[in-house]
Amino acid sequence: KATTILAGLCLLQSAMGLIYAQTWQNLITNIENRQVTTLNGMWKYIVDPYESGYYDYRRQVRDQQSWQNTAEALYLAHKPAHKGERVEYDFDKSDNIIVPGDWNSQKEKLFYYEGTIWYYKKFVFTPTPGLPRQFFYFGAANYESDVYLNGKKLGKHIGGFTPFNFEATGLLKEGENFIVVKVDNARGLEKVPTVNTDWWNYGGLTRDVLLVEVPETYIKDYYIQLAKGNSELIEIHVELDGPAKVGQVVTVNIPDAKLTFTGVSDENGVVRGSIKARKLQYWNPGKPFLYDVNLSYNGHTLKDRIGFRTIAVKGRDILVNGKPVFLRGISIHEENPLRGGRAYSAEDARILLGWAKELGCNYVRLAHYPHNENMVRLADELGILVWSEVPVYWTIQWENQETYNNAENQLLEMITRDKNRASVIIWSIANETPVSPARTGFLKRMISTTREADPVRLVSAALERHEKPGSRNVQIIEDPIQDYVDVISFNQYLGWYSGTPAQIMDNEYEINYDKPVIISELGGGALQGFHGERDEIWTEEYQEWLYEETVRMIDRIPQLRGVTPWILADFRSPRRLLPDIQDGWNRKGLISQTGNKKKAFYVLKKYYEQKAKEYG
Ligand code: GCB
């Protein structure tokens, strides 16, 4: 009997683990076109490094106990009822912080802080007639979030760069309510990413916080994209959620293409089908076209703007709408160097993608985690192709099942949010991971999950190059994962982490795959404004020379179909310790933290002008 109970407990535990880990299943998409009330703006916050608002002195989680200690459980936001009552916190007397935004760049004393901060906001809720269900939606919060409404727990989310939502129907009161969010950005070996990265661990409610109102049964998510390898067939998949989700009529209308689709939902609330579309105007890089799309159900309409294009690999070519492209790219971190801190706004996205356009890019690598939705929405508008990645970076715990569940959930949250964006063509499942059987097994599972979730887009991973044994200058690409991806990608720092720019041209690549190749990183550091001879490291001249030699050398790789040098702009990293040069910044940017272009910027720009001509 004891074993059955134990088994039952284990099941329960893993079921709870699943609830936490699989938040992607609840994700509401196309948030910007829904009925939302913003909770952005001023919030109160309490720094709680020992998490005493969360754990009691026996380290029991307070919100899992039947009796809640009003004096210490911060999420209750309790106020003393009489002058003798002990309450050991007070949100009203605490400092303010702006949401969205990381805490590190807003508060000097929190610059290096890693741990728990409690966010608190009071707001007035007035129900909207006809929209009886409410959800709290978070664009992202780094890294772990526990959300409480009026003292009641709504849920927990893990992962710092993907959206999530929790239902609040029945718990919101007409009039005043309060929401408390515990955000913890402590790093951990088992987390995704793990303790070791090369970027700043910005903590907090880093993206929008919104209250979303929807009908009782509503369109939760959908997929409206060209079928694989077919430029004349639009595949449609719409998911309803709610008590009446079965047997409902859903319409998808694309007025400018004169197309209408009508379908009836199955026992899971899903409508599946396709429409022939003979005279579509396609979305192309540099020449984007977006159609207005209206999804209707039971008198409610949800709007989106969707581009249609095919994406495929044929031999060594990457084909967009059947035409070979060269991906003139740049890697980008989600950071606004001018302001310092995480990028979060549409304005930030305009600055970053504006710089990429100036450089002559038709493509960007959004490293090393999913960026905010503004970025991909703007890429759709501007006609810039996108590589989108999950933070499976360096040395994740490959043998830990929880780590896998977490990585997979982040992957599925990314795909769920962005699967209708024409700009996104490649899902990347990892960056620079050390080859081992456990790691290869982990990544293979990630690849099959990606293909199941999105059968159309390409899959890749930023892997590594190696020196061919017995040779000093032959670089080989040898990784069992390359057999499973559509595009061979690797990072290479010849002339920086190995050798000098003078030696770059001595190298040759031997790539034994008949697939397109993208170099996902290359580059070197320079302090903008620091000048000297080209062989003096950290000067703009050194970086310029490194770029000149690198583009010459890689241009000899016959399968080369794209490159995303590292990186658009200098970004903060705690690993970068050299005084007067780095001062906590990775200096591989082509643009400085003050927005000034370094000399190497123009080398790459020139290379891209040549590539644009070659590919017409
Ligand atoms: C890499 C990593 C990237 C680092 C970069 C560097 O290979 O993928 O995250 O920032 O090198 O600057 O060393």
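For the structure given in this document, a descriptive report is provided here. Quick caveat: nothing in here was measured; it's all calculated off a predicted structure.

Rules of the game
Residues numbered from 1 in each chain as written. Predicted model: local features only at pLDDT ≥ 70, side-chain atom pairs only at ≥ 80, totals over all residues. Heavy atoms only, no water. Salt bridge = Lys/Arg side-chain N within 4 Å of Asp/Glu carboxyl O. Helix = DSSP H or I, 4+ residues; strand = E, 2+ residues; numbered from the N terminus. Buried < 20%, exposed > 50% of the residue type's maximum accessible area, 1.4 Å probe, protein only. Phe/Tyr/Trp six-rings, centres within 6.5 Å; stacked < 30°, edge-to-face > 60°. Polar contact = N/O pair within 3.5 Å; in protein donor to acceptor, adjacent residues only side chain to side chain. Contact = heavy atoms within 4.5 Å. Near = heavy atom within 4 Å. Areas by Shrake-Rupley, 256 points an atom, 1.4 Å probe, with all protein chains shown as cover. Nonpolar A, V, L, I, M, F, W, Y, C, P; charged D, E, K, R; others polar. Axes fitted to C-alpha atoms, helices over the stretch in contact; angles between N-to-C directions. Parallel < 35°, antiparallel > 145°, perpendicular 65-115°, else oblique. Left-handed = near helix turned anticlockwise from the far one by under 90°. Pairing = 2+ DSSP bridges. Expected span 1.5 Å × (residues − 1). Arc of directions from axis to C-beta. Core = buried A, V, L, I, M, F, W, Y, C linked by side-chain atoms within 4.5 Å. Domains from an automatic or database assignment.

**Considering the pattern of salt bridges**
(1) Moving on: With the rule as written, the count across this model stands at 45 salt bridges.
(2) Moving on: Between Glu-389 and Arg-365 there is a salt bridge, with the nearest N and O atoms lying 2.9 Å from each other. One end of the pair, Glu-389, is in strand β24 (residues 385–389); the other, Arg-365, is in strand β23 (residues 363–366), and 24 residues separate them in sequence. Each member of the pair, Glu-389 as well as Arg-365, is classed as buried.

**Thoughts on the packing of aromatic side chains**
Note on aromatic pairs: each is described by the distance of the centres and the angle between the planes.
(1) Moving on: For the coordinates displayed, the defined rule picks out 34 aromatic pairs.
(2) Moving on: Here Trp-43 and Tyr-119 contribute two aromatic rings whose centre-to-centre distance is 6.2 Å and whose plane-to-plane angle is 80°, an arrangement assigned as edge-to-face. One end of the pair, Trp-43, is in strand β2 (residues 41–47); the other, Tyr-119, is in strand β4 (residues 116–125), and 76 residues separate them in sequence. Per residue, the accessibility class of Trp-43 equals that of Tyr-119, and both read buried.

**Some details on the side chain of Thr-116**
(1) Moving on: You can see Thr-116 is positioned in strand β4.
(2) Moving on: We classify Thr-116 as buried; its relative accessible area is 0%.
(3) Moving on: Reaching out from Thr-116, the side chain makes a polar contact with the side chain of Glu-51 at a distance of 3.1 Å.
(4) Moving on: At 3.0 Å, the side chain of Thr-116 forms a polar contact with the side chain of Lys-182.
(5) Moving on: Residues contacting Thr-116, with those up to four places away along its chain left out, are Ile-46, Val-47, Asp-48, Pro-49, Glu-51, Lys-182, Val-183 and Asp-184.

**Side note on the site of the ligand**
(1) Moving on: Inspection of the region around the ligand gives 14 residues, with Asp-198, His-368, Glu-432, Tyr-497 and Lys-588 positioned closest.
(2) Moving on: At 3.4 Å from an oxygen atom of the ligand is found a side-chain nitrogen or oxygen belonging to Tyr-493.
(3) Moving on: Interatomic distance of 2.9 Å between a side-chain N/O atom of Asn-586 and an oxygen atom of the ligand.
(4) Moving on: Protein chains bury 97% of the 320 Å² of accessible surface belonging to the ligand in isolation.
(5) Moving on: Grouping the constituent residues of the shell around the ligand by class yields 5 nonpolar, 4 polar and 5 charged.

**Regarding the packing of helix α4 (residues 401–418) against helix α5 (residues 437–453)**
(1) Moving on: At a closest axis distance of 10 Å, the pairing of α4 and α5 adopts a crossing angle of 30°. Comparing the axis directions of α4 and α5 gives the class roughly parallel. In the packing of α4 onto α5, the handedness of the crossing is right-handed. Facing Gln-401, Thr-403, Tyr-404, Ala-407, Glu-408, Leu-411, Leu-412 and Ile-415 of α4, the residues of α5 in contact are Phe-442, Arg-445, Met-446, Thr-449, Thr-450 and Ala-453.

**Here we look at the sheet that holds strand β30 (residues 508–510)**
(1) Moving on: With mixed pairing, the 3 strands of this open sheet are ordered in space as β27-β28-β30. Looking along the sheet, the strands with just one partner apiece sit at the ends: β27 (466–467) and β30.
(2) Moving on: As paired strands, β27 and strand β28 (residues 474–476) are joined by 2 bridges and run antiparallel to one another. In the strand pairing of β28, Glu-467 is matched with Gln-475.

**Here we look at helix α8 (residues 599–615)**
One turn of the α-helix equals 3.6 residues, which is why residues spaced by three or four share an orientation.
(1) Moving on: Between its first and last C-alpha atoms α8 spans 25 Å; for 17 residues at 1.5 Å apiece the expected length is 24 Å, and the two agree.
(2) Moving on: For α8, the full list of buried residues reads Ala-600, Phe-601, Val-603, Leu-604, Tyr-607, Tyr-608 and Lys-611. Projected down its long axis, α8 carries its buried residues within an arc of 160°, all on one side. Opposite the buried face of α8, at more than 90 degrees from it, the exposed residues are Lys-606 and Lys-613.
(3) Moving on: For α8, the elements touching its buried residues are β21 (327–328), α2 (346–358), α7 (540–554) and β32 (560–563).
(4) Moving on: The positive-phi residue at the C-terminal boundary of α8 is Gly-616, with phi of around 70°.

**Considerations on the nonpolar core**
(1) Moving on: Counting 86 residues, the largest nonpolar core has Ile-330 and Val-392 as its most contacted members.
(2) Moving on: In this structure, this core is formed jointly by two domains, domain 1 (22–214) and domain 3 (313–615), each of which donates at least three residues.
(3) Moving on: Among all residues touching Val-392, those that are not within four sequence positions of it are Val-192, Trp-398, Ala-407, Ile-429, Ala-430, Asn-431, Thr-433, Phe-442, Leu-443 and Met-446.
(4) Moving on: In terms of nonpolar packing, the next biggest core, distinct from the first, is built from 28 residues, Tyr-45, Phe-138, Ala-141 and Val-183 among them.

**With respect to the packing of α2 against helix α3 (residues 373–382)**
(1) Moving on: The contact between α2 and α3 brings their axes to 9 Å, and the two run at 50°. Relative to α3, the element α2 lies oblique. For the pair α2 and α3, the crossing hand works out as right-handed. Here Ala-346, Ala-349, Arg-350, Leu-352, Leu-353 and Lys-357 of α2 come into contact with α3, specifically with Asn-374, Met-375, Leu-378, Ala-379 and Leu-382.
(2) Moving on: Classifying every residue of the contact of α2 with α3 by side-chain character gives 8 nonpolar, 1 polar and 2 charged.

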